[in-house]
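Observations on chain architecture
The chain contents come next:
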Amino acid sequence: METKAQVLYDFAAELGNNELSIREGETITITNQNIGGGWIEAKNSRGEVGLVPEDYIEFSFFQTSNGNNPWTVFDNNASGGFSNNWAAQPEGTETGKTSSNAWPSGGHGHPQAYQGPGAEDDEWDEEWDDVKSSGGYAESEAGEGGAINRGGAHGSSMKIALNKFPGFSKSGPELYLLSKQPAKGTKLPIYSGEVGPVWAYPDYQLDCVVADPKKGSKLYGLKSYIEYQVTPTTTNKPVNHRYKHFDWLYERLLEKYGSAIPIPCLPDKQVAGRFEDEFIKMRMERLQGWMTRMCRHPVISSSEVFQLFLSYKDEKDWKMGKRKAEKDETVGVMVFSTIEPEGLPDLDLIEVEQKCEQFNRFTRAMDDGVKDLLTIGNEHWKRCTGPLPKEYQRIGKAFQNLSSVFTSSGYEGEAALTDALTAAGKTYEEIAQMVAEQPKKDLHFLMETNNEYKGLLGCFPDTVGVHKAAIEKVKEADKLVAAGKITPSDKTTMSKRASTMSYSLQAEMNHFHSNRIYDYNRVMQQYLEQQVKFYEMIAEKLRHAHSQFTTM
């Protein structure tokens, strides 16, 4: 008997991992269903056999021993089924209360299959496949496209409708503006600071270190992964996480806080070369940058889900915390119900709109400036590692060739000149090497910081958009009262809550500006210090070469 399955999504096999590439719409034959860990063995129409993700296929039909019905339609939701195909579930069903479970971003740009309460979806070594990276600084556009493309690494391969996130549902901010439900969760106070509304910052600045990447394997060595050690400054006790766990944290933070706080995207996912030392080093550095930025945010760093990620006690503690986070109902625009402007008066609607538009203009202009710097920096990097060193090498070779010509003259009095000329040629070859290596010492950090800000700025249009939509709803309040759809009391509540949303946006603006000033001061100092060292080293080498020539 053979089990047939229909391929739901494209999957590109990684070399050396016994995987099988499959295409959407293709019919494959299942040869071994008992691999485990979310994988099965299958054979395609060309007779090739390998591992494929179980969530990428749908078991349409299978042969049975029932003589009356040799082919039986397989029910994905039946007990004992092979695959819970969540893509087929209608939105809003009991098992899909949250948007994360409704459309969790899986690898290769597909809605990852949802596992029911009894399934092993919380296994620590469960495999979530990576999708291909879009490339370098100038090419990577993670974060652009707003909420539609907000998944960062996911965004490059999968566009998610706005209404897949609770904060961007079809009914929009009125979920909060007209909510009758009492606020749940920890209160998020906002105070009046020297620069305006500010979040409540903790006395101790949380930080963490992402380090010590190690390669692990499962399924008897058939599947491999990289695990990182994350050590928070609060406990100094390391916890281990794979990229998929960072991705899970990102999705939780985006779902819960994305309407109020821009959540920058993670570094891109990648299939090919993800076990190469250079890629692992780059990913670790970018995960460190992402975690540092999250640690610096007073709301994110103190959130329960972030603290779980940094300091879970054991596997049981992780699973329980993970399930609790996924059941959180105070997500999307409802997070505003937990925000409390301490002793601050309600804001005027026109003032709210003006501040919103002013910040929106600034972030758009900064986004353009950051992208311009990335483009120019990328071009300069290519010149420094390509044509520029070759020019210095050519000059050096020309000096040495001329020295060889002088030596062939046989004239005894020019040895000092030819030696000095040869030394000058070698100096230029050394300078060529220095030029090629310099971008890693200075430009790299400048580019990384701007790359982070590009992703962060790409989130702001949606955060600002939520506030704009709320303002529009408040403007419609009089019409709604006249139509009998809301009461005058509801209208007052809407205005008050729109004011709370504005205080939240202003607190986020001030947090952003404060971090921006700190980050660009730091990275520009670092860049220019390295530039000064670079040119001082070149000047010293040229002075030494100059000293070799005798004065006539």
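As a starting point, this report considers the structure included with it. (Residues numbered from 1 in each chain as written. Predicted model: local features only at pLDDT ≥ 70, side-chain atom pairs only at ≥ 80, totals over all residues. Heavy atoms only, no water.)

**Examining the overall build of the chain**
A count of helical and extended segments in the chain gives 14 helices and 12 strands. Buried residues in the chain amount to 49% of all 552 residues. Expressed as a percentage of contacts within the chain between residues at least 6 apart in sequence, the contacts between residues at least 24 apart total 69%. For the chain, the computed accessible surface area is about 27600 Å², with 53% contributed by carbon and sulfur atoms. (Helix = DSSP H or I, 4+ residues; strand = E, 2+ residues; numbered from the N terminus. Buried < 20%, exposed > 50% of the residue type's maximum accessible area, 1.4 Å probe, protein only. Contact = heavy atoms within 4.5 Å. Areas by Shrake-Rupley, 256 points an atom, 1.4 Å probe, with all protein chains shown as cover.)

**Section: the pairing of strand β7 (residues 188-193)**
Note that β7 and strand β12 (residues 339-341) share 3 bridges and pair parallel. Bridge pairing in β12 links Ile190 to Pro341. Looking at chain direction, β7 and strand β8 (residues 196-199) are connected through 4 bridges and run antiparallel. Bridge pairing in β8 links Gly193 to Gly196. Between the end of β7 and the start of β8, which pair antiparallel, lie 2 residues. (Pairing = 2+ DSSP bridges.)

**Quick look at the environment of Thr493**
With respect to the element layout, Thr493 can be found in helix α14 (residues 488-547). Residue classification places Thr493 among the partly exposed residues on the basis of a relative accessible area of 28%. Note: C-alpha distance between Thr493 and Ser179 (314 residues apart in sequence) is 9.5 Å.

**Re the pattern of salt bridges**
This structure, assessed with the given rule, holds 26 salt bridges. Between Arg286 and Glu448 there is a salt bridge, with the nearest N and O atoms lying 3.0 Å from each other. With Arg286 in helix α4 (residues 277-295) and Glu448 in helix α11 (residues 443-457), this residue pair connects regions lying 162 residues apart in the sequence. The network of salt bridges with shared partners includes Arg293, Arg296, Glu452, Asp519 and Arg522. (Salt bridge = Lys/Arg side-chain N within 4 Å of Asp/Glu carboxyl O.)

**With respect to the packing of aromatic side chains**
On inspection of all chains with the given rule, the structure shows 18 aromatic pairs. Counting every residue linked through ring pairs, the aromatic cluster contains Tyr228, Phe246, Trp248, Phe309, Tyr312 and Trp318. Across from the ring centre of Tyr257, 5.6 Å away, lies the NZ or CZ of Lys256, which sits over that ring. (Phe/Tyr/Trp six-rings, centres within 6.5 Å; stacked < 30°, edge-to-face > 60°. Lys NZ or Arg CZ within 6 Å of the ring centre and 35° of its normal.)

**Observations regarding the nonpolar core**
Counting residues in hydrophobic clusters, the biggest one holds 61 residues, and the most contacted among them are Phe246, Leu249, Leu253, Tyr257, Met291 and Phe306. Per element, the largest residue contribution to this core is 8 residues, and it comes from helix α3 (residues 243-257). When residues no more than four places from it in sequence are discounted, the contact partners of Leu253 are Gly258, Ile263, Trp290, Met294, Ile300, Ser303, Val305 and Phe306. Phe359, Met366, Leu374 and Tyr520 belong to the second-largest nonpolar core, a separate cluster that totals 20 residues. (Core = buried A, V, L, I, M, F, W, Y, C linked by side-chain atoms within 4.5 Å.)

**A word on the sheet that holds β7**
Read across the open sheet, the 3 strands follow the order β8-β7-β12; overall the sheet is mixed. Either end of the sheet is taken by a strand with one partner, and the two such strands are β8 and β12. Adjacent strand axes in the sheet meet at a mean angle of 30°, parallel and antiparallel pairs treated alike. Here α14 sits on the sheet and contacts β7, β8 and β12; the angle it forms with β8, its principal contact strand, is near 80°. (Axes fitted to C-alpha atoms, helices over the stretch in contact; angles between N-to-C directions.)

**Things to note about the environment of Glu285**
Checked against the element boundaries, Glu285 lands in helix α4. For Glu285, a relative accessible area of 29% puts it in the partly exposed group. In sequence terms Glu285 and Pro267 are 18 residues apart; their C-alpha atoms lie 9.5 Å from each other.

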